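Each chain, written out:
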Amino acid sequence: MSAKEYLQNTASRLTASDVEGVSTTLHFDFGGGADYSMVVADGKAEFVEGFVGTPECVVKADADDFVKIATGDMNPMMAMMMGKLKLSNPGAMMKYAKMLGLM
């Protein structure tokens, strides 16, 4: 599974009850032009190629490392300490990590 596929699958599996009361935009920067956004609003999550809107948090990582984090093969805290995962707003990401399946 690629990072793009993970984000697409995550957006499509989230139900209205999963995102109830959530309104946010997250940017995922995997380098090399692999830029994606997840926009959550009005009871739905939408995956978008490229950056759209103003993000509450920007996630920067190598795509392979992101997949390892998402699948539980890499600890996200260790990835942050090693510089493999960078978050512009860690507090916001903590709010959404479970929704995104990262915890």
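The model shown is predicted, which means the values in this text are computed figures rather than measured ones.

Parameters and conventions
By convention here, each chain's residues receive numbers from 1 onward along its written sequence. Local features in this predicted model are restricted to residues of pLDDT 70 or higher, and side-chain atom pairs are both shown and tallied only at a pLDDT of 80 or more, whereas totals for entire chains, interfaces and linings draw on every residue. Side-chain measures here rest on the full set of heavy atoms in the structure, leaving out hydrogens and waters. Numbering of helices and strands runs from the N terminus, with a helix taken as a DSSP run of H or I at least four residues long and a strand as a DSSP run of E at least two residues long. For this measure, only C-alpha atoms enter the radius of gyration; the expected value for a globule follows 2.2 Å times N^0.38, where N is the number of residues. Accessibility here uses a 1.4 Å probe with only protein chains present; expressed as a share of the type maximum, an area under 20% marks a residue as buried, one over 50% as exposed, and anything in between as partly exposed. Residue contacts follow a heavy-atom distance rule, with two residues in contact if any of their heavy atoms lie within 4.5 Å. Each accessible area value is a Shrake-Rupley result obtained with a 1.4 Å probe; residue values ignore everything except the protein chains displayed when judging cover. UniProt positions are given in the numbering used here, feature names are shortened, and annotations may be inferred rather than shown by experiment. We call Phe, Tyr and Trp rings a pair once their centres come within 6.5 Å, taking the six-membered ring for Trp, and we label the pair stacked below 30 degrees between planes, edge-to-face above 60, and tilted otherwise.

**Q** What is the right way to look at the overall build of the chain in this model?
**A** Looking only at helices and strands, one finds four helices and five strands in the chain. The C-alpha radius of gyration of the chain comes to 13 Å, within 12% of the 13 Å expected for a compact globule of 103 residues. Principal-axis analysis of the C-alpha atoms places the extent of the chain at approximately 35 × 25 × 25 Å. Within the chain, the fraction of its 103 residues that count as buried is 42%. Of the contacts formed within the chain by residues at least 6 apart in sequence, a portion of 61% connects residues at least 24 apart. With the model as given, the accessible surface of the chain reaches about 5600 Å², and the carbon-plus-sulfur share is 52%.

**Q** Could you clarify how one ought to interpret the UniProt feature "domain: SCP2" (unreviewed entry) in the chain in this entry?
**A** Feature annotation in UniProt places "domain: SCP2" (unreviewed entry) on residues 8-99, given in this structure's numbering. Secondary structure across residues 8-99 divides into 29% helix and 29% strand, with the first and last C-alpha atoms of the span separated by 13 Å.

**Q** Would you mind showing me how to read the packing of aromatic side chains here?
**A** Think of a pair of aromatic rings as described by two things: how far the centres are apart, and how the planes are tilted against each other in angle. On inspection of all chains with the given rule, the structure shows six aromatic pairs. Residues Tyr 6 and Phe 66 carry aromatic rings whose centres are separated by 5.9 Å and whose planes lie at 75° to one another, so their mutual orientation is edge-to-face. Linking Tyr 6 in helix 1 (residues 3-13) with Phe 66 in helix 2 (residues 63-70), this pair joins segments that are 60 residues apart in sequence. Ring plane angle 50° and centroid distance 5.0 Å describe the contact between Phe 30 and Phe 66, whose orientation is recorded as tilted. Here the residue Phe 30 occupies a position in the loop between strand 1 (24-29) and strand 2 (35-41), and Phe 66 occupies one in helix 2, the gap between them amounting to 36 residues. Both residues of the pair, Phe 30 and Phe 66, belong to the buried class.

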